[in-house]
Amino acid sequence: MELLYQEQGTPTAGPEVQEHIRGCAACRKELAELKGLQSTLAVWQDEPPLRPVALPENLARPGRFRIPLWSVLRYAAIAALVTLAFLGLSNAQIQWNRNGFAFRTSLRAQAPLASSYYTKEEIQTILYRAMSDSEQANFQMMLRMLDTIDQERANEIHILTRQIKESRNKN
Amino acid sequence: MIRRFLEGDEHAFTEIVRKWESKVFNLAWRYMGNREDAQDVVQETFLSVFKSAKNLRDPDSFSTWLFRITLNHCRSRWRRHMPELSLDDPMAGREEGEDRVRESVAASSAPRDPVETRDLIRKALMGLSEEHRAAIILKEYLGLNLEEVARVMECPLSTAKSRLYHGLKGVQRNLSRIGVRS
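Because the structure is predicted, anything quoted here is derived from the model rather than measured.

(A) Region of the structure containing the interface of chain B and chain A. Facing the 51 residues of chain B at the interface are 33 residues of chain A. In total, about 4,000 Å² of surface goes out of reach between chain B and chain A, with carbon and sulfur atoms giving 63% of it. Of all residues in chain B, Gln39(B), Phe50(B) and Leu168(B) bury the most surface against chain A, accounting for 14% of the area lost on that side. For Arg30(B), the salt bridge is made with Asp46(A), and the minimal N-O distance between the two is 2.7 Å.

As structure tokens, then:
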């Protein structure tokens with residue numbers, strides 16, 4: 001093959017092979033035939049392509065990580081919600097006043113209105129009332145428990161008395 | 001050009017296609033023996049190049065890489081469509097008028113025109129095994145040196161030489177069977 005192609009930069013056939021070729025008619029003939037064959041093969045010449053290549057214009061660029069659009073939108077929406085939540089909670093205002101319960105968030109912190117808060121006296125009154133209501137409720141509950149215990153005790157005494165009477169009658 | 005494409009220059013890919021499509025087409029045509037199949041291989045090859053360019057580690061070896069991809073597409077298409085061809089029937093092929101060519105070859109030993117000779121060469125190549133045919137195309141038609149042939153075919157240099165030698169002998173034998181003297 002080296003003798004046939006005699007390429008630059010590749011090892012050519014050694015001197016002993018060349019010496020053999022000079023002395024061997026069969027090898028010389030074969031080499032000549034292969035060279036003739038190369039000329040025959042050269043008859044088949046190049047031709048232009050039938051049509052241009054359809055370029056893949058709408059594909060992702062090579063070497064880049066391809067992310068579907070829906071995925072980008074989903075992550076963008078989640079990121080937006082998280083951001084809004086963080087901003088909102090950082091300035092969240094939770095109120096309970098005479099107007100009821102209120103929860104408000106805003107991007108900017110707002111100064112509270114004095115009129116929207118209970119005064120100290122009002123809070124004390126509310127707390128006293130709540131405690132009073134609670135004590136009344138506890139007292140009523142304890143009375144009901146005592147009534148229940150008395151009732152059960154009376155029932156047990158009644159049952160025991162009857163059993164004793166029945167026992168005496170049998171004897 | 002290859003580096004620009006790898007760096008994201010969209011126009012570079014167009015330049016690559018325009019520069020290499022003729023070589024890829026002619027490689028595929030001689031492998032498949034059929035222009036339409038060859039054109040399909042060209043399309044598939046450049047699509048693969050576009051998609052897998054990131055796997056090309058050394059831009060200097062682009063041509064080797066490109067021819068390897070082309071041969072892979074040729075092989076898979078060949079095995080899908082033409083598994084029955086063999087050395088026993090060097091006249092086998094897919095293009096029209098083969099019987100007429102066979103008859104004309106048998107009937108006449110007069111000088112042939114280049115188109116007829118080309119068709120006979122095509123048939124002689126089609127009668128080779130895939131590896132022998134690929135080695136001849138890479139060496140004789142694409143003009144690669146022996147080491148490049150070995151790299152494209154992913155085999156040792158000695159194997160490439162052996163495939164080339166036996167391929168040439170096979171072509172010679174097939175041509176003489178159909179009456180062509182080289």
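(B) Looking closely at the pattern of salt bridges. Inspection of the entire model under this criterion finds 19 salt bridges over all chains. With its nearest N and O atoms 3.3 Å apart, the salt bridge here joins Arg35(B) to Glu47(A). Of this pair, Arg35(B) sits in helix H3 (residues 35-52) while Glu47(A) is found in the loop between helix H3 (25-41) and helix H4 (69-90), placing the two residues in two different chains. Since its relative accessible area comes to 22%, Arg35(B) is described here as partly exposed. For Glu47(A), a relative accessible area of 24% translates into the label partly exposed.

(C) Structural context of the confidence of the model for chain A. Confidence in the prediction for chain A averages 78 pLDDT; 76% of positions are at 70 or higher. No element of chain A has a lower mean pLDDT than helix H1 (residues 2-5) of chain A, at 68, and none a higher one than H3(A), at 88.

(D) Fine view of the environment of Ile178(B). Residues and elements named next belong to chain B. With respect to the helices and strands, the residue Ile178 is situated in the segment after helix H9 (157-177). Looking at Ile178, the relative accessible area reads 8%, which means it is buried. Sequence-wise, Ile178 and Ile121 are 57 residues apart; in three dimensions their C-alpha atoms are separated by 9.9 Å.

(E) Inspection of the nonpolar core at higher detail. Within the largest apolar cluster, 66 residues are counted, with the highest numbers of intra-cluster contacts made by Phe46(B), Phe62(B), Leu125(B), Leu138(B) and Val171(B). Of the residues forming this core, the biggest block, 12 residues, is contributed by helix H2 (residues 10-32) of chain B. Contact partners of Val171(B), with chain neighbours within four places excluded, come to Leu37(A), Leu41(A), Ala124(B), Leu125(B), Leu128(B) and Ile136(B).

What counts, and at which threshold
- Residues numbered from 1 in each chain as written.
- Chains lettered and ligands numbered in written order.
- Predicted model: local features only at pLDDT ≥ 70, side-chain atom pairs only at ≥ 80, totals over all residues.
- Heavy atoms only, no water.
- Contact = heavy atoms within 4.5 Å.
- Buried area = accessible area lost by both parts, 1.4 Å probe.
- Salt bridge = Lys/Arg side-chain N within 4 Å of Asp/Glu carboxyl O.
- Helix = DSSP H or I, 4+ residues; strand = E, 2+ residues; numbered from the N terminus.
- Buried < 20%, exposed > 50% of the residue type's maximum accessible area, 1.4 Å probe, protein only.
- pLDDT = per-residue confidence, 0-100.
- Core = buried A, V, L, I, M, F, W, Y, C linked by side-chain atoms within 4.5 Å.

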